[in-house]
Amino acid sequence: MADNNTNTQYFKVNNETDIAVKDILEAVYIALTEKGYNPVNQIVGYIMSGDPTYITSYKNARYLIMKVERDEILEELLKNYIKVNMQ
């Protein structure tokens, strides 16, 4: 029986976080705003420190934001900034 494993095999997994990060940021932003917090300051505090207490638990916002890595949040924010401001 011949071994056909001489080529690199690729396995592609749908990366749901591309969509989810945007949705999570929106939900967290809304929850922070509704609770009277400055959402930009709170999200920046979370990204910089990794401390989830910057994010309210209201509407499960803290749980949601912890579902994605902080670097994924930064990547999403930067992609959108470039899309809006660099065209």
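For the structure, see preceding data.
The present account deals with the structure reproduced in this document. (Residues numbered from 1 in each chain as written. Predicted model: local features only at pLDDT ≥ 70, side-chain atom pairs only at ≥ 80, totals over all residues. Heavy atoms only, no water.)

With respect to the overall build of the chain
Looking only at helices and strands, the chain has 4 helices and 0 strands in total. Listed by position from the N terminus, the elements making up the chain come as α-α-α-α. Burial analysis of the chain (87 residues in total) assigns 22% to the buried set. A sequence separation of at least 24 residues applies to 50% of the contacts in the chain between residues at least 6 apart. With an accessible surface of roughly 7,000 Å², the chain has 52% of that area assigned to carbon and sulfur atoms. (Helix = DSSP H or I, 4+ residues; strand = E, 2+ residues; numbered from the N terminus. Buried < 20%, exposed > 50% of the residue type's maximum accessible area, 1.4 Å probe, protein only. Contact = heavy atoms within 4.5 Å. Areas by Shrake-Rupley, 256 points an atom, 1.4 Å probe, with all protein chains shown as cover.)

Structural notes on the packing of aromatic side chains
Enumeration over the complete set of coordinates arrives at 0 aromatic pairs. Over the aromatic face of Tyr-58 sits the side chain of Lys-35, whose NZ or CZ is 5.2 Å from the ring centroid. (Phe/Tyr/Trp six-rings, centres within 6.5 Å; stacked < 30°, edge-to-face > 60°. Lys NZ or Arg CZ within 6 Å of the ring centre and 35° of its normal.)

Let's talk about the environment of Ile-47
Within the secondary structure layout, Ile-47 lies in helix H2 (residues 39-49). As for Ile-47 and Ile-73, which are separated by 26 residues in sequence, their C-alpha atoms are 7.9 Å apart.

Let's talk about the pattern of salt bridges
Taken as a whole and assessed by the stated rule, the structure comprises 2 salt bridges. In this structure, Glu-34 and Lys-59 form a salt bridge, with 2.8 Å as the shortest nitrogen-oxygen distance. Taken as a pair, Glu-34 in helix H1 (residues 17-34) and Lys-59 in the loop between H2 and helix H3 (61-65) lie far apart in primary sequence, 25 residues in all. Residue classification places Glu-34 among the partly exposed residues on the basis of a relative accessible area of 43%. Judged by relative accessible area, which is 48%, Lys-59 ranks as partly exposed. (Salt bridge = Lys/Arg side-chain N within 4 Å of Asp/Glu carboxyl O.)

Looking at a nonpolar patch on the surface
Taken together, the side chains of Tyr-29, Ile-30, Val-40, Val-44 and Met-48 define a hydrophobic patch exposed on the protein surface, amounting to about 500 Å² of accessible area. For the nonpolar patch, the secondary structure elements donating two or more residues are H1 and H2. Within the secondary structure layout, Val-44 lies in helix H2. A relative accessible area of 44% places Val-44 in the partly exposed class. (Patch = residues over 30% accessible without salt bridge, like charges linked within 9 Å, V, L, I, M, F, W, Y side chains within 5 Å.)

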